[in-house]
Amino acid sequence: MKRMKLSELTGNEILAQSLMTWDYQIILPEGAVLKKEYIDKIEEMGILEVYVKEDEANEIVILKNDIEKTIRSKVKSILERHTYKNNKELQGLTQAADEIITNILDEKEVVEKVFDIKERSADIYEHSISLSSLAILTALRMNVDKQVIHDIGVGCLLHDIGLRYTTLDYEGKSMEDMNPEALAEYKKHPVYGYTSVKDEKWISDEVKKIILYHHERLDGSGFPLRLKEAEIPLSCQIVAVCDAFDEMICGIAQRRSRVYEAVEYLKSFKNVKYNGKIVDAFLSFTAVYPAGSHVLTNDGEEAIVVSQNKDFQDRPIIRIIRDKDGRKLQEERIVDLVKVLNVYIEKGLE
């Protein structure tokens with residue numbers, strides 16, 4: 001679901017949460033269709049925003065919601081019970097990684113699709129699962145060896161385990177805003193994580209390197225070891241690209257960014273901080289403007305992204321909702337940006 005201002009509604013949206021009075025009397029139940037006359041009445045009552053259901057039929061996700069919730073519950077349960085160097089229960093994460101890989105491979109034409117990856121607030125468990133999905137899919141696009149793909153999946157689920165050994169509040173806070181002591185502590189989390197599992201025989205060397213190297217950068221600007229390209233394994237380079245993107249759109253150790261901003265960031269540092277081939281593979285399945293995004297066209301019209309076009313990550317199918325003068329459209333107008341070449345998205349809207 002998503003929160004929308006009443007002024008953004010065009011009619012026929014579906015209410016995702018019941019509207020209630022101050023004394024909990026239901027005005028409109030969840031699932032009600034917001035007809036234009038209802039919207040006018042709601043506005044008269046002084047209600048400025050409502051939650052509406054998104055058009056999930058046209059949204060393409062890497063992991064279905066129910067599957068992601070099940071895996072998240074499992075991963076959270078395992079990691080919350082974990083204490084430093086008591087690692088036996090962590091073996092359950094190998095099964096969770098295999099579940100993610102299996103579910104991705106079960107998706108029809110998975111390596112050919114463009115996916116709607118949305119910015120969101122996320123805890124470390126959801127971030128780890130999202131990272132695992134993104135990195136596995138990137139590795140599949142690059143035809144990486146199956147065993148390495150498995151190690152990437154496990155490594156992603158364990159990559160930030162070192163954060164459990166700190167007391168830092170890192171969500172929604174940029175590293176640039178941390179005081180020197182907090183920043184130094186944050187930059188130690190890969191070492192803390194690696195140290196806690198380095199003697200475990202069931203964890204492969206590849207996974208251990210992912211835990212230690214996931215913040216390293218090709219130009220030596222990363223941490224904790226300031227390694228350069230030749231010293232960083234391919235698996236770690238894949239995780240680094242996906243982790244940088246997902247941290248940006250989740251707001252982990254930085255202010256949360258929009259998807260198109262995170263895409264531009266990766267493009268800007270392609271072949272500088274990040275392996276260009278990996279960036280290209282990652283961006284090949286990442287929609288610049290996910291389904292449901294509000295955008296402004298070069299004609300000055302406001303639109304909502306309806307669905308994606310294969311191989312054209314920045315030219316989706318959109319529904320125009322306001323003309324260039326800001327007036328709501330009375331009739332639906334769908335524009336396929338692959339077919340209408342003189343129209344393009346100028347920017348994303350809040």
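Our subject is the structure listed above.
Residues numbered from 1 in each chain as written. Predicted model: local features only at pLDDT ≥ 70, side-chain atom pairs only at ≥ 80, totals over all residues. Heavy atoms only, no water.

Student: I tried to follow the overall build of the protein on my own but got confused; where do I start?
Tutor: Scanning the protein for helices and strands turns up 11 helices and 11 strands. Dimensions along the principal axes, computed over C-alpha positions, put the protein at roughly 65 × 50 × 45 Å. Relative to its 350 residues, the protein shows a buried fraction of 51%. A total accessible area of about 17400 Å² is found for the protein, and carbon and sulfur atoms account for 48% of it. (Helix = DSSP H or I, 4+ residues; strand = E, 2+ residues; numbered from the N terminus. Buried < 20%, exposed > 50% of the residue type's maximum accessible area, 1.4 Å probe, protein only. Areas by Shrake-Rupley, 256 points an atom, 1.4 Å probe, with all protein chains shown as cover.)

Student: Would you explain the sheet that holds strand E10 (residues 328–336) in this entry?
Tutor: Paired through their backbone hydrogen bonds, the strands of a sheet run either parallel or antiparallel. Strand order in this open sheet of five strands is E10-E9-E8-E7-E11, and the pairing throughout is antiparallel. The strands lining the two open edges of the sheet, one partner per strand, are E10 and strand E11 (345–348). For this sheet, the mean angle separating the axes of adjacent strands, direction not counted, is 40°. Of the strand pairs in this sheet, strand E9 (residues 312–322) and E10 are connected by five bridges, and their pairing is antiparallel. In the sheet register, Ile317 faces E10, and the bridge partner there is Asp336. (Pairing = 2+ DSSP bridges. Axes fitted to C-alpha atoms, helices over the stretch in contact; angles between N-to-C directions.)

Student: Looking at this structure, how should I read the pattern of salt bridges?
Tutor: Proximity of charged atoms lets side chains of opposite charge pair with each other. Evaluated as defined, the whole model comprises 19 salt bridges. The salt bridge partner of Lys310 is Glu112, with a shortest N-O separation of 3.4 Å. Of this pair, Lys310 sits in the loop between strand E8 (302–309) and E9 while Glu112 sits in the loop between helix H3 (92–106) and helix H4 (124–141), and the two are 198 residues apart along the sequence. Among the salt bridges present, the one from Glu264 reaches Lys267, with a minimum N-O distance of 3.8 Å. Residue Glu264 and its partner Lys267 are both found in helix H10 (residues 259–268); the two are separated by three residues, about one turn of the helix. Overall, Glu264 belongs to the partly exposed group, its relative accessible area being 42%. Here the salt bridges do not stand alone but share partners, grouping Lys64, Glu107 and Lys113 into one network. (Salt bridge = Lys/Arg side-chain N within 4 Å of Asp/Glu carboxyl O.)

Student: Any chance you could explain the packing of aromatic side chains here in plain terms?
Tutor: In this description, a pair of aromatic rings is defined by centroid distance and the angle of the planes. Evaluation of the coordinates by the stated rule reveals seven aromatic pairs. Taken together, a centroid distance of 5.7 Å and an interplanar angle of 35° make the contact between Tyr260 and Tyr289 tilted. Highlighted residues: Tyr260 in helix H10 and Tyr289 in the loop between helix H11 (276–283) and strand E7 (294–297), separated in sequence by 29 residues. Given a relative accessible area of 10%, Tyr289 falls into the buried group. Considering the side-chain rings of Tyr265 and Tyr274, the 5.9 Å spacing of their centres and the 70° angle between planes classify their relative orientation as edge-to-face. Classification of Tyr265 by relative accessible area gives partly exposed; the value is 24%. (Phe/Tyr/Trp six-rings, centres within 6.5 Å; stacked < 30°, edge-to-face > 60°.)

Student: Any chance you could explain the environment of Ala244 here in plain terms?
Tutor: Mapped onto the secondary structure, Ala244 falls in helix H9 (residues 234–250). The sequence separation of Ala244 and His214 amounts to 30 residues, and the corresponding C-alpha distance is 9.2 Å.

Student: Where do I start with the packing of helix H5 (residues 146–158) against helix H8 (residues 205–213) in this structure?
Tutor: Each pair of packed helices gets described by two things: the angle between the helix axes and the distance between those axes. One way to put it is that H5 packs onto H8 with a least axis distance of 8 Å and a crossing angle of 40°. One element, H5, and the other, H8, form an angle in the oblique class. For the crossing formed where H5 meets H8, the hand is right-handed. Residues Asp151, Ile152, Val154, Gly155, Cys156 and Leu158 of H5 touch H8, and the partners they reach there are Glu206, Val207, Ile210 and Ile211. (Parallel < 35°, antiparallel > 145°, perpendicular 65-115°, else oblique. Left-handed = near helix turned anticlockwise from the far one by under 90°. Contact = heavy atoms within 4.5 Å.)

Student: I'm lost on the side chain of Arg141 in this one. Help?
Tutor: With respect to the helices, strands and loops of the structure, Arg141 is situated in helix H4. The buried charged residue Arg141 lacks any salt bridge partner; its closest oppositely charged side chain belongs to Asp311, at an N-O distance of 6.4 Å. Engagement of the side chain of Arg141 in a polar contact is seen with the backbone oxygen of Val110, the distance being 3.5 Å. Sequence-distant contacts of Arg141, defined by excluding residues within four places in its chain, comprise Val110, Val111, Glu112, Lys113, Phe115, Ala281, Ser284 and Phe285. (Lys, Arg positive; Asp, Glu negative; His and termini not counted. Polar contact = N/O pair within 3.5 Å; in protein donor to acceptor, adjacent residues only side chain to side chain.)

Student: Where do I start with the nonpolar core in this structure?
Tutor: If you look at soluble globular proteins, the nonpolar side chains tend to sit buried side by side. In this structure, Ile104, Leu158, Phe245 and Phe282 are the most contacted members of the largest nonpolar core, which totals 86 residues. Sequence-distant contacts of Phe245, that is, excluding residues within four places in its chain, are made with Ile117, Leu134, Val259, Ala262, Val263, Leu266, Phe282 and Thr286. (Core = buried A, V, L, I, M, F, W, Y, C linked by side-chain atoms within 4.5 Å.)

Student: What exactly am I supposed to notice about a negative patch on the surface here?
Tutor: A grouping of Glu37, Asp40, Glu43 and Glu44 is seen on the molecular surface, where their side chains present a negatively charged patch. Within the secondary structure, Glu43 is located in helix H1 (residues 36–44). Residue Glu43 is classed as partly exposed on the basis of its relative accessible area, which comes to 49%. (Patch = residues over 30% accessible without salt bridge, like charges linked within 9 Å, V, L, I, M, F, W, Y side chains within 5 Å. Charge placed at Lys NZ, Arg CZ, Asp CG, Glu CD.)

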